[in-house]
Number of protein chains: 2
Amino acid sequence: MDSDFGIPRELSPLQQLRSQYQPQLPPCLQGTTVRVEFGDGTTVAKAGDAHIIARAFPHTLGQPLAHFLRATAKVPDAQIITEHPPIRVGIVFSGRQAPGGHNVIWGLYEALKVHNTDNTLLGFLGGSEGLFAQKTLEITDDVLQTYKNQGGFDLLGRTKDQIRSTEQVNAALKACTDLKLDGLVIIGGVTSNTDAAHLAEFFAEAKCSTKVVGVPVTINGDLKNQFVEANVGFDTICKVNSQLISNVCTDALSAEKYYYFVRLMGRKHSHVALECTLQSHPNMVILGEEVTASKLTIFDITKQICDAVQARAEQDKNHGVILIPEGIVESIPELYALLKEIHGLLKEGVHAVNISTQLSPWSSALFEFLPPFMKKQLLLHPESDDSAQLSQIETEKLLAYLVETEMNKRTKEGTYKGKKFNAICHFFGYQARGSLPSKFDCDYAYVLGHICYHILAAGLNGYMATVTNLKSPVNKWKCGAAPMTAMMTVKRWSQNSGSNSIGRPAIHPATVDLKGKAYELLRQNAQKFLMEDMYRNPGPVQYDGPGADTKAVSLCVEDQDYMGRIKKLQEYLDQVRTIVKPGCSQDVLKAALSVMASVTDVLSTISSSSTSGQQFA
Amino acid sequence: MDSDFGIPRELSPLQQLRSQYQPQLPPCLQGTTVRVEFGDGTTVAKAGDAHIIARAFPHTLGQPLAHFLRATAKVPDAQIITEHPPIRVGIVFSGRQAPGGHNVIWGLYEALKVHNTDNTLLGFLGGSEGLFAQKTLEITDDVLQTYKNQGGFDLLGRTKDQIRSTEQVNAALKACTDLKLDGLVIIGGVTSNTDAAHLAEFFAEAKCSTKVVGVPVTINGDLKNQFVEANVGFDTICKVNSQLISNVCTDALSAEKYYYFVRLMGRKHSHVALECTLQSHPNMVILGEEVTASKLTIFDITKQICDAVQARAEQDKNHGVILIPEGIVESIPELYALLKEIHGLLKEGVHAVNISTQLSPWSSALFEFLPPFMKKQLLLHPESDDSAQLSQIETEKLLAYLVETEMNKRTKEGTYKGKKFNAICHFFGYQARGSLPSKFDCDYAYVLGHICYHILAAGLNGYMATVTNLKSPVNKWKCGAAPMTAMMTVKRWSQNSGSNSIGRPAIHPATVDLKGKAYELLRQNAQKFLMEDMYRNPGPVQYDGPGADTKAVSLCVEDQDYMGRIKKLQEYLDQVRTIVKPGCSQDVLKAALSVMASVTDVLSTISSSSTSGQQFA
């Protein structure tokens, strides 16, 4: 299995050029002396979850944020790390492949070697299974040679994105102990980082000295929260998809006879679809979050598309491009209910061929209505995270089929007078996921790799490497680390019996924020995109000249830098403390007390009523 | 219909940069004085076709090749064109969209304006239908602004690729006469250029003064012959497809659990699949030409793939990437026979639902064996050129299905011991066709546009613009024009009655030459590609730095420049004539006669036995 991994390979001219590209480091990570400043202890996003999360994470909850500062930074209580005893670190690809993943390894390797040439980095071959089986490859300059700035996860490979069962965590513990690892770096998305957090707690409980670090690497872009602005791979995947979507737009406009229904990989939520829409301006996108918010049925969505087709035909436009996130099938209420029934029956051991007879009357009616290919796909076993096999369910074909049926009906009734409706369906995912990473993803992943080293040098356990202020140039990036427990929430759902069930604390995927600026930008332009064919072609990913340094629109429009703003607040508090030192005038003290009383009042009120933003809904 | 065409639009940063790119002209086209040298009159490729083609083209057969030379070239009998009276030219997108098409218009426009500012270029809006309906847009600097070096055909649009019926050619004649056109430039592939040749003859017969010029623009790369080395669009389409194929290869290698079956757009023949294989090194490709040559059945192909899967599994490789040209369905004998029967019945007016009952026993057995999606797709009406709707027939899914069935069988029998076979299917076509054109396609199309002007300035009718020596840099390109009749062949097939039927003379699509160097390169590497995962990622199309000037592998390995070599021969003959002038010694004359006698002997023998290469089979 491991025979293919990590072998040198022939590179194309562009790959060669890219393999020579050296990402920049932000000033705070340059040199061998780094200062770590710890903020206040962290809390969890939803106050109501605190006690459940506290029970699951007695050792790793409430740890402070960490900020890495340049050696010359004048912060009085920052910890200066100048001693670098040799350490051994393991690294594993746990999540699905995402462009840029290799650069996390490279960045970590560079940081290890800069600080102590005796440091060792072991890559686990074949993902989590390689970790359990202790299959390793020592990372060296030679091994990295043809993998720097290259796509895929093929340097080490990946298997299942799960380190969760008792057997699995015990195997991981044994591997780390046997291999005498000081640190284990886990690369992946929400599931892998949730596993990393639980593993950190498990290691702490077991008094294992290996510190666990998580790195946010997922094309889905759904590992987003106060501390994490972006995920490695998302930038590239959106650029490659946007390239293809705009090619399809150009094609549609050239022949004016097809509607393209393009389904996009990206799991449950619609971050990829939103970003691609903002980059390439197709006529329409159906976001899962909109469907959920408005409780749209499959027939509502069909009608929405049909009305759009009809409105365009009235302006003599018989072509168009419509984006559909792969996760939408779980957002459409009646399809989701049907899926849940099917998955329940599958779990009970009912064979797929017998399921249709055992569905509830309502689900059965819906199921029978669906075309054969859709029936077959809905009957597939769910994934390890209990979601449907989204990449296999061709919702775009279902919608194209329903729209065609309805347009034919409207034609017969005389309400639609345009050309015959013709759809072509696409699924964009695999062909983007293995791409050469964009410059942004190369830089971001490389810097995250460096941060992993500093987290371990600071002796932190259960942290995720973070970079904020990403929309600015690299020399303005702020590097830090946040405890993964602070990103956790708990899901509750009611059982048939009426009692409540509570899920395992987890880093849940963030939904597209319907109050956020990226979505607002879409809404402002949606009507123009729909009717005016404002197709925009960002073109293939470039590594030089205009476009090479472009970043995701959704990253650039948001005011993020939560960690920067948290620091800013601490500075204000420190300033107040400095101004109102013992010895200050009565007036100053009086004013300070009065103002601070009202500040704390306001904030307490907001905090208790807030559910901390619907991105954690 | 035309409301969207030719309107200015918002460009992305990369599109803007590209819109400012100025392609170079080869020395022979620089300045306003160009010399035209005429070669000998042309013949047709197959001697046996001559009389049939002669009957169809009394006016335009046997015209000489034309070479455009730089003003300073010292060729005694070259015609120097210095007078440039104002002319009016029409241009139409007749074939399917291909990246670079817009640059033909731009190149022609530039040439027209450089030679006489009173020249006029009219674009027909909406393709051939716009020509018939005389819908025009005058091309100006403003109109071209946002379309230079951009993909698609959306500046003018396209509809049907047909100018063939009596009604259609009469409408074209009327349009050219009404609009007082001196020239009509038709952009497209084999079908469109065949139509252009017949239209040229029809115009000559009708004493219409409009000259017809063809331009080889097709992503299929199948308009190849002695005079035409490459087609506009092929380079880009292969690069974009190769980018995606290698992304899929990287993906396959990262997770090691999927076989990707990738079907490629490219019509009947396998040029695109061959070129993409040479660029990205997937594990396997099934060329239509190999299937035809070896008369492989669908079961032979299935077995070939299954054996490969099994051999790879024995080396612990449970992943792979297999390319399948869309035209393969017409190369597989029993599927082709079935398709012909179905198309025959459809022509007789039999409704699709009744066809299965009217098939011959053999075809019926095959049809019933096929999975439902395939049945449905085979029953689609054929295209205007009588071929099946190749883009709609999911041969990759059929093969994946048959391979899976066979691998399951082998697993049960115990002959296959690898992991469960999992396939993911893709069709790459539309998402590449609308791409921003590569530098090569930008340059090539722009130069062809210029040549169109010179063909018209020289008063030639029924010619195609040609550039040879394309594998060299632009300043070494040789520009010329070849009569389209010289590219024609005639197809013969036996009827049920035993009599022979003869097709209309046409420029037939070239097959992949199984004796050519490109195919030889594939064969030399096929075993390594299959077993050793030598995946190569050319990356996204670049416009700067390494890779930006890369050209198609199949273009670079062939010794083409037929037109250059024809010229070289003429030079030899001229030299003999100079040496053996009246007054030369008896010895020289005697030697010359003896040598030339044997030369003519050898060539006559070869000519009569040759069927002129199997690329015209």
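Chain A carries the name Pyrophosphate--fructose 6-phosphate 1-phosphotransferase subunit alpha in an unreviewed UniProt entry, which gives Brassica carinata as its organism. Of the comments in the UniProt record for chain A, the one headed Catalytic activity (unreviewed entry) reads "beta-D-fructose 6-phosphate + diphosphate = beta-D-fructose 1,6-bisphosphate + phosphate + H(+)". Recorded under Function (unreviewed entry), the UniProt text for chain A is reproduced unchanged: "Regulatory subunit of pyrophosphate--fructose 6-phosphate 1-phosphotransferase."

Participant: Quick question: what am I supposed to make of the pairing of strand 2 (residues 64-69) of chain A here?
Facilitator: Side-chain positions along a regular strand alternate between the two faces of the sheet. Residue and element names in this part refer to chain A. The element strand 2 is largely enclosed, with a buried count of five among its six residues. With five bridges connecting them, strand 1 (residues 34-41) and strand 2 associate as antiparallel partners. Counted as the bridge partner of Glu37 is His67 from strand 2. The pairing of strand 2 with strand 14 (residues 478-483) spans three bridges and is classified as antiparallel. Paired with His67 across the two strands is Gly480, which belongs to strand 14.

Participant: It is not clear to me how the sheet that holds strand 10 (residues 284-285) of chain B should be interpreted in this structure. Could you clarify?
Facilitator: Pairing between sheet strands relies on hydrogen bonds along the backbone, with the strands arranged either parallel or antiparallel. Residues and elements named next belong to chain B. Here we have four strands laid out as an open sheet, ordered 10-11-9-12, and parallel in their pairing. Each end of this open sheet is capped by a strand with a single partner; those strands are strand 10 and strand 12 (423-428). Lying on the sheet, helix 9 (residues 271-280) is in contact with strand 9 (259-264), strand 10 and strand 11 (320-325); it crosses strand 11 at an angle near 155°.

Participant: Even after reading the chapter, I still don't get unusual backbone geometry, so can you show me in this structure?
Facilitator: Most of the time, phi is negative for any residue but glycine, and the peptide bond is trans. All names here are of chain A. If you check the backbone angles, Asn469 has positive phi at about 65° while not being a glycine. The class for Asn469 is buried, based on a relative accessible area of 16%. Phi angles above zero are rare outside glycine, and Asp533 is one such case at about 50°. Here Asp533 lies in the loop between helix 19 (517-532) and helix 20 (553-557). Exposure remark for Asp533: the relative accessible area of 11% places this residue in the buried category.

Participant: Mind showing me how you'd approach the relation of the copies chain B and chain A here?
Facilitator: There are two copies of the chain, and a rotation about an axis plus a shift along that axis relates them. Superposition record for chain B on chain A: RMSD 0.1 Å, screw rotation 180°, translation along axis 0.0 Å. Both copies are brought into coincidence by an operation consistent with a two-fold rotation axis. Considering only C-alpha atoms, the part of chain B nearest the rotation axis is Pro540 of chain B, at 2.7 Å. A symmetric contact is evident, with 100% of the interface residues of chain B recurring at the interface of chain A.

Reading guide: rules and limits
Residues numbered from 1 in each chain as written. Chains lettered and ligands numbered in written order. Predicted model: local features only at pLDDT ≥ 70, side-chain atom pairs only at ≥ 80, totals over all residues. Heavy atoms only, no water. UniProt positions renumbered as here; feature names shortened; annotations may be inferred. Buried < 20%, exposed > 50% of the residue type's maximum accessible area, 1.4 Å probe, protein only. Helix = DSSP H or I, 4+ residues; strand = E, 2+ residues; numbered from the N terminus. Pairing = 2+ DSSP bridges. Contact = heavy atoms within 4.5 Å. Axes fitted to C-alpha atoms, helices over the stretch in contact; angles between N-to-C directions. Least-squares fit on C-alpha atoms with pLDDT ≥ 70 in both.

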